[in-house]
Structure formats: structure tokens, C-alpha cells
Amino acid sequence: MKKWRSILGGAALCCAIAWGLSAMMVRESYLAVDSTVYIPENKYVALTFDDGPRAESTNRLLDGLAERGAKATFFLIGEQIEANAALVQRMASEGHQVGNHTWSHVRLAEAENAVVAEQLAKTDMALRTLLGEDDYWVRVPYGLILDDQRSLFSQPLIQWSVDPEDWRLRDADKVTDFVLDRVQPGDIILLHDSLEPSVDAALRIVDALQKEGYTFLTVRELLEKAGVTPEAGVRYRSVKNALEGSGE
């Protein structure tokens, strides 16, 4: 009897060890998959700015980002590029991503197709003339287009997942609190570098999140980290949104 108990006990121990190893392998595999996504181990986030450039506020923002080693993405209004050429070149040279926010910030959902195409093409040409050949991703003003307008876009459309409506608040404390209360790894944050309170808020946000272990990437880098290949005419709001489907 003791012999059988010993044999049975040994078998149970072996099963327990095997189960434990199996569970560890499953868990390790789960972590390996998740490590490319939006989990606490990889605290990546994208800070994006619309409606620039504006000489004084954008320069101050770039100074602050450089001091902190943070990257951002700037969606520029085309008609403001030539007068701020040196500023735009600085963005690119310091590793920030530069994108297209149309020529004059029109509501594309209310515009004729010819107007949409012209707004995009003029800004794209201004960026290529100044910075060289590249893929200048698009942020649509107000984030609104019609479904049948998507074929007009030859680049990915970058939306956002955290929007404090800084243009309405115009208060650095409120904007900062809004973002810090809601931000998650993999988010795309929307701000405006044309507003001084938003520049203050952006630098406070960077300081606070870097202390929590966050890294600030361009949108292109953020999606690359997640293994996402952006497609023309598809809207991307966050890493989570991009991984759950086609980006819509």
C-alpha cells in the first residue's frame, strides 16, 4: 500500500509540475503577444498638434520637446508653411513627424471633391518642396469626411483617442488634467501648438507621463511598434483601434 501511495504521489507531483510549466508557457506566450500592443510594459503614446505652425508658440514647444527627448507629430496648415519654413525644417530635423492638415482648414465633408483634392495637393506640394519626398500623412480638419471621399486620400488619416478640446478650454491646468486622467498606452493625443496654454499643457503632460515611464513617439513610430501597416484613406485613432480592425 505504501508503495502504491508513493507511486501515485509521484505521478501527481509530475502532473502538477507539467501543468505548472504548461501554464507558464501559455502566460509567457500571452505576454510576448501583448508586449507589442498597448500594455503597461510598453507605455508608448503619440502627442499630436494641429493648426500650426505659429512662430512663437511652436518654437517654444519644440524647445521644450527637445529638452525632454520627446517626439511629436505636427499636422500643418499649408498656407502657413512658407512663412514658417525654418520652423517646419526644424520639426523634421529634430525627428518629429510632419503631416498635412489641408491648405486652409476647410470642412472637407462639406466641400466638393475638386476642393478636397486641391486642399490636400497644395499642402503636400508645399511640404515636398520644403522637406523633400516623403509620405505626409493627413489629419482632416474636425476629423470629418464622407465615406465616398476616402478614395481622394493617398495617405493614412490620423484621428485621435484623447481630445481635451484645448481650443475651447484655453486653460493649461484643465487641459493637463483632462489628458492625464484619461490617457492609456497606445493613445493619440490631440492638441494645438498655435495656442500658448496648450504648449504649457503639452510640456506638463510630457513631464508627468515620462515620470510614469511613458515614451513619446511620432504616430508613424507608434503604429510601427504595434506592427500596424497604415493604409491610404483609413482612419487611425489609437493603437487599440488599429489592432481591433481596419483602423476605423
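For the structure itself, consult the block above.
Residues numbered from 1 in each chain as written. Predicted model: local features only at pLDDT ≥ 70, side-chain atom pairs only at ≥ 80, totals over all residues. Heavy atoms only, no water.

Asker: Can you break down the side chain of histidine 96 residue by residue, with the values?
Answerer: Relative to the elements of secondary structure, histidine 96 occurs in the loop between α3 (85–93) and β3 (97–100). Assessed through its relative accessible area of 7%, histidine 96 is described here as buried. A distance of 3.0 Å separates the side chain of histidine 96 from the backbone nitrogen of alanine 72, its partner in a polar contact. Aside from chain neighbours lying at most four places away, what touches histidine 96 is Leu62, Leu65, Ala70, Lys71, Ala72, Phe74, Met91 and Thr218. (Helix = DSSP H or I, 4+ residues; strand = E, 2+ residues; numbered from the N terminus. Buried < 20%, exposed > 50% of the residue type's maximum accessible area, 1.4 Å probe, protein only. Polar contact = N/O pair within 3.5 Å; in protein donor to acceptor, adjacent residues only side chain to side chain. Contact = heavy atoms within 4.5 Å.)

Asker: Lay out the nonpolar core in plain terms, naming residues and giving numbers.
Answerer: Core analysis: the largest hydrophobic core is formed by 34 residues, its most contacted members being Leu47 and Phe74. Sorting the residues of this core by element identifies β1 (44–52), α2 (55–68), β2 (73–76), α3, α4 (113–131), α6 (172–182), β5 (188–192) and α7 (196–211) as the ones contributing at least two each. For this core, the element with the most residues is α7, which contributes seven residues. In this structure, Trp160, Leu190, Leu217 and Val228 belong to the second largest nonpolar core, which totals 18 residues. (Core = buried A, V, L, I, M, F, W, Y, C linked by side-chain atoms within 4.5 Å.)

Asker: How would you explain the layout of surface pockets if you had to name every residue and give the values?
Answerer: Taken as a whole, the largest pocket holds about 220 Å³ of empty space. Lining the largest pocket are 13 residues, and of these His105, Tyr142, Trp167, Leu190 and His192 sit closest to its centre. Secondary structure elements with two or more residues in the lining of the largest pocket: β1 and β5. Here the residues of the lining of the largest pocket are counted per class, giving five nonpolar, four polar and four charged. (1 Å grid on protein atoms, 1.4 Å probe; cavity = no way out; pocket = protein on both sides within 12 Å on 5 of 7 lines; lining within 4 Å. Points joined across faces, edges and corners; volume = space filled by probe spheres on them. Nonpolar A, V, L, I, M, F, W, Y, C, P; charged D, E, K, R; others polar.)

Asker: Outline the packing of aromatic side chains, supporting the account with residue identities and numerical values.
Answerer: Pairs of aromatic rings are described using the distance from one ring centre to the other and the angle between the two planes. Applying the stated criterion to the full structure yields one aromatic pair. Note on phenylalanine 49 and phenylalanine 74: the rings are 5.3 Å apart at their centroids and 20° apart in plane angle, and the pair reads as stacked. Taken together, the residues span a long stretch of sequence, with phenylalanine 49 in strand β1 and phenylalanine 74 in strand β2 at a distance of 25 residues. The residues phenylalanine 49 and phenylalanine 74 share a single accessibility class, namely buried. For arginine 182, the ring lying beneath its charged end belongs to phenylalanine 178, and the centroid distance is 3.7 Å. In this structure, arginine 220 packs its charged tip against the face of tryptophan 137, placed 4.8 Å from the ring centre. (Phe/Tyr/Trp six-rings, centres within 6.5 Å; stacked < 30°, edge-to-face > 60°. Lys NZ or Arg CZ within 6 Å of the ring centre and 35° of its normal.)

Asker: Could you give me a rundown of the environment of aspartate 50, with the residues and numbers involved?
Answerer: Tracing the chain through its elements places aspartate 50 in strand β1. Given a relative accessible area of 4%, aspartate 50 falls into the buried group. A C-alpha to C-alpha distance of 7.7 Å links aspartate 50 and serine 194, two positions 144 residues apart in sequence. Contact partners of aspartate 50, with chain neighbours within four places excluded, come to Phe75, His101, Arg139, Leu190, Leu191, His192, Asp193 and Ser194.

Asker: Describe the packing of α2 against α7, listing the residues and the values that go with them.
Answerer: Orientation of α2 relative to α7, taken along the N-to-C sense of each, is 10°, at an axis distance of 9 Å. With respect to α7, the element α2 is oriented roughly parallel. Contacts from Glu56, Ser57, Arg60, Leu61, Gly64, Leu65 and Arg68 of α2 reach α7 at Glu196, Val199, Asp200, Ala202, Leu203, Val206, Asp207 and Gln210. Classifying every residue of the contact of α2 with α7 by side-chain character gives six nonpolar, three polar and six charged. (Axes fitted to C-alpha atoms, helices over the stretch in contact; angles between N-to-C directions. Parallel < 35°, antiparallel > 145°, perpendicular 65-115°, else oblique.)

Just distances and angles here, no functional claims.
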